[in-house]
Each structure stands twice: as structure tokens, then as C-alpha cells.
Amino acid sequence: MSDVAQPITYPPAITVEDFARNLDAVQARIARAAARAGRDPRSVRLLPVSKTVAEDRLRNAVAAGYYRLGENKVQEAKRKSENLADLDVSWAVVGHLQTNKARDVAGFAAEFQALDSLRLAEALDRRLQAAGRSLDVFVQVNTSGEESKYGLSPDEVLAFLAALPRFETLRVQGLMTLALFSSDLERVRACFVRLRTLRDRARDTDPDLIGPGELSMGMSGDFEVAIDEGATCVRVGQALFGSRAPRYDEAHYWPSGT
Ligand SMILES: *Cc1c(COP(=O)(O)O)cnc(C)c1O
């Protein structure tokens, strides 16, 4: 399909030097994109996404200054958090979570970016209360309209945000989305604009609804566009760690294998 983004190959990062070099390169891309958009580069947080990357390599990433890592599968994240517990690193879960895994996330994660149901909010809150912890959360929005994507539809977001304050352990940070996977950057951009518009509408309705109003959007292939549209967190995997096997994204990354 002409519509699908062409895969870019990123060399694998293995050594501490590889990770430091890739971090510099991505930070430089962020700085250029921010400058073009007239924004302060410090207003954009880089969240490295380390899914599929083995723990021995992650040790080198942490040594190179990757202090928070994002994972899209809770089992993998939990295992890594346990095996790397001796390191100074914290964990963000950025992928869909089943309610019956809430206890795991409540136990180790600092941040959860894929909140998309009240059942899940309730399960997380209950587990967090029991653990005496709190959690930064982003509400995931399906801005592309693709059935294969998780997240609330845009018209559900305001009511959903209004229902969250009763979950006292959840600290709402803002909204998160995965854009359309397409080489047509204008259609990708439309997804980011939709997320920003929703954030602005929530703020206009009631500034307390959306905490600091963060926008988590943009990945290796599209984060410059996301920064141009106001991203405050970009989630970057392959440009830092190297390409994943294409099979992986087909089978796991996009739900239901599309
Ligand atoms: C894998 C993943 C990313 C990073 O994608 P890359 O193409 O590796 O930069 C970002 N967000 C989510 C939710 C992911 O699962």
C-alpha cells in the first residue's frame, strides 16, 4: 500500500557509546524540531521505549543516561524492572493493559500512558491504595479512527476526564495517542492536531480536568511533526535502540495484527 510508511533501518545500539550517540542524535532532532516550532526544547520530554531490547543492552542504555524506560507489555516491563532493580531507572507502561494486570503496574510503574477505561482506573486505584503508591497517567485517545487502535474515541474524552478525580492515586498528566501509521505526514499531523484540540477543549472546560495538560505523541518516524503540533512527550524506540524485527510490529505492536 502506498499509504504505509516506508520502513527506515536504524542500526542496533549495543555499547554505552552507541546509546550515548543515539541519545545525542535524537536530542538534536528534538531541538531542531522545537526551534522550528518556536518552542523551548526543554518543554519536550524524551521517553525511550525499550520493548524487545534485552536486559544486558538495557544496562548499557542506563549507563548512557536513559533514566526512564517505556515498555508496551506489562509482563516484559515487570520482568525487566525486577532484573534491573539494582539500577537507577524507572518504568513507564505505554501499551494497553488488561484490568487483571492492574496489580502489576501498581507495583512497579512510575507512569502509565494507556488509560482507556473506568474499570481499569478503578482497578489501578484499588491496587495503588493497597500498595500506598500513586501513578502518573495519560488518557489514551484513538485519534486515527482505526479499529485496530486502542484508546477512547475523541468524543468520550471530556466525560472520561471528569470521572477521574475520584481515583485519588491517579495523577492525570494529559493525553496520549498513536498516530496513523502512514508516510502521508499530513494525515499523521491531523491525528496530533486532534489530540491537541482535545487537550485545549478540556482546559477551556475546566483546567483541573487535565492536570498539566501533557501531550504524549510522536515516535521515531514522526516525532518532529508531533513537536510541531505541541507534543510535550515523545516516545522513541527504534531511533535509540535500533530497528525491531518487522515481524514484531506486525504481530504485537499494533493490536489485532493489522
Ligand atoms: C513501540 C512504541 C513506541 C516507539 O515506536 P518506535 O517506532 O520504536 O519509535 C511508541 N509508543 C508506543 C505505545 C509503542 O508501543
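Counting restarts for each chain, with residues numbered from 1 along the sequence as it is written. Restriction of local features to residues with pLDDT of at least 70 applies here, the model being predicted, together with a cutoff of 80 or more for giving and counting side-chain atom pairs; totals for whole chains, interfaces and linings are based on all residues. The basis for every side-chain value is the complete set of heavy atoms in the structure, and neither hydrogens nor water enter the calculation.

Participant: Whenever I open this one, the overall build of the chain confuses me. Can you help?
Facilitator: A run of H or I in DSSP counts as a helix once it spans at least four residues, and a run of E counts as a strand once it spans at least two, with each numbered from the N terminus. Helix and strand counts for the chain come out as ten helices and eight strands. To get the radius of gyration, use the C-alpha atoms; to get the globule rule, take the number of residues to the power 0.38 and multiply by 2.2 Å. Against the globule reference of 18 Å for 258 residues, the chain gives a C-alpha radius of gyration of 17 Å, in line with a compact fold. The principal-axis extents of the C-alpha atoms in the chain amount to approximately 45 × 45 × 35 Å. Among the 258 residues that make up the chain, the fraction classed as buried is 52%. In these tables, accessible area is a Shrake-Rupley quantity obtained with a 1.4 Å probe, and a residue counts as shielded only by the protein chains included in the view. With an accessible surface of roughly 12000 Å², the chain has 50% of that area assigned to carbon and sulfur atoms. Charged-residue counts in this description rest on Lys and Arg as positive and Asp and Glu as negative, His and the chain ends being excluded. Just so you know, the charge point we use is NZ for Lys, CZ for Arg, CG for Asp and CD for Glu. Charged side chains in the chain number 34 positive and 36 negative. The centres of these two groups are separated by 2 Å. A simple rule labels every residue: compare its accessible area, found with a 1.4 Å probe on the protein chains alone, to the largest value its type can have, and call it buried under 20%, exposed over 50%, or partly exposed in between.

Participant: Where do I start with the site of the ligand in this structure?
Facilitator: It suffices for a single heavy atom of a residue to lie within 4 Å of a molecule or strand for the residue to be listed as near it. Taken together, 14 residues lie around the ligand, and Lys51, Ser220, Gly237, Gln238 and Arg244 are the ones closest in. Pairs of N or O atoms are called polar contacts if they sit within 3.5 Å, as long as, within protein, a hydrogen donor faces a hydrogen acceptor (for residues adjacent in sequence, only side-chain-to-side-chain pairs). Contact between the ligand and Gly237: an oxygen atom at 2.8 Å from a main-chain N or O atom of the residue. In isolation the ligand exposes 390 Å². Once the protein is present, 96% of that is buried.

Participant: Got a minute to help me understand the pattern of salt bridges in this structure?
Facilitator: In a structure, side chains of opposite charge can pair up when their charged atoms sit close to one another. For salt bridges, the criterion is a side-chain nitrogen of Lys or Arg within 4 Å of an Asp or Glu carboxyl oxygen. Summed over all chains, the structure comprises 17 salt bridges. A salt bridge links Glu111 to Arg68; the nearest nitrogen and oxygen atoms lie 2.5 Å apart. In this pair, Glu111 is assigned in strand E4 (residues 111-115) and Arg68 in strand E2 (residues 68-71), connecting sequence segments 43 residues apart. According to the relative accessible area criterion, Glu111 is buried, its value standing at 1%. Arg199 is the salt-bridge partner of Asp200, the closest N and O atoms lying 2.8 Å from each other. The exposure class assigned to Asp200 is partly exposed, which follows from its relative accessible area of 29%. Within this structure, Glu186, Arg189, Arg196, Asp228 and Glu229 form a network of salt bridges that share partners.

Participant: Explain the nonpolar core here, please?
Facilitator: Across soluble globular proteins, nonpolar side chains have a tendency to be buried as a group. Put simply, a nonpolar core is a bunch of buried Ala, Val, Leu, Ile, Met, Phe, Trp, Tyr and Cys residues held in one set by side-chain atoms that sit within 4.5 Å of each other. Within the largest apolar cluster, 72 residues are counted, with the highest numbers of intra-cluster contacts made by Phe112, Leu115 and Leu124. Those residues in contact with Leu124 that sit more than four places away from it in its chain are Leu97, Ala102, Val105, Ala106, Phe112, Leu115, Leu135 and Leu170. By definition, residues are in contact when any of their heavy atoms lie within 4.5 Å.

Participant: Is there a simple way to explain the pairing of strand E6 (residues 170-176) in this structure?
Facilitator: If a strand is regular, its side chains alternate between the two faces of the sheet. Counting buried residues in E6 gives six out of seven residues, a clear majority hidden from the surface. Between any two strands, at least two bridges found by DSSP are needed for them to pair. In the sheet, strand E5 (residues 135-140) pairs with E6 via six bridges, with the strands oriented parallel. Bridging from a neighbouring strand, Asp136 pairs with Arg171 of E6. Orient the strands so they point away from the viewer; a crossover is then right-handed if the path from the first strand over the helix to the second runs clockwise. The β-α-β motif built from E5, the intervening helix H6 (residues 157-163) and the parallel element E6 has right-handed crossover chirality. After leaving E6, the chain enters helix H7 (residues 185-205) and then returns to the sheet as strand E7 (residues 214-216), a path that is right-handed.

Participant: Just to check I follow, could you spell out the pairing of E4 for this structure?
Facilitator: The buried count for E4 comes to five of five residues, which makes it a mostly enclosed element. Across two bridges, the pairing between strand E3 (residues 90-93) and E4 is parallel. Directly across from Ala92, in E4, lies its bridge partner Glu111. Note: E4 against E5, three bridges, orientation parallel. Bridge pairing in E5 links Glu111 to Asp136. Crossover connection from E4 via helix H5 (residues 118-131) to parallel E5: handedness right-handed.

Participant: Would you mind going over the packing of helix H2 (residues 55-63) against helix H3 (residues 74-83) with me for this structure?
Facilitator: To describe two helices that pack against each other, one gives the angle between their axes and the distance between the axes. Simply put, an axis is a line fit to the C-alpha atoms, just over the touching stretch for a helix, and the angle between two N-to-C directions goes from 0 to 180 degrees. Between H2 and H3, the least distance of the axes is 11 Å, while the angle of their chain directions is 65 degrees. When the axis of H2 is compared with that of H3, the two are roughly perpendicular. With respect to the hand of their crossing, H2 and H3 are arranged in right-handed fashion. Residue-level inspection shows Glu55, Leu58 and Arg59 of H2 in contact with H3, the latter providing Arg79, Lys80 and Asn83. Under this grouping Gly is polar, as are all residues other than the nonpolar Ala, Val, Leu, Ile, Met, Phe, Trp, Tyr, Cys and Pro and the charged Asp, Glu, Lys and Arg. Here the contact of H2 with H3 is built from residues that sort into one nonpolar, one polar and four charged. For classification purposes, angles smaller than 35 degrees are called roughly parallel, those larger than 145 roughly antiparallel, those between 65 and 115 roughly perpendicular, and all remaining angles oblique. Each helix crossing is assigned a hand: it is left-handed if the near helix lies turned anticlockwise from the far helix by less than a right angle, otherwise right-handed if that turn is clockwise.

Participant: Honestly, H7 in this entry has me stumped. Any pointers?
Facilitator: Structural remark: α-helix, 3.6 residues per turn; residues separated by three or four positions point the same way. For a helix, the expected span equals 1.5 Å multiplied by the residue count minus one. Between its first and last C-alpha, H7 extends 30 Å over 21 residues, near the 30 Å set by a 1.5 Å rise per residue. Listing the buried residues of H7 in full gives Val188, Arg189, Cys191, Phe192, Leu195, Leu198, Arg199 and Ala202. Contacts made by the buried residues of H7 are with H6, E6, E7 and helix H8 (223-228).

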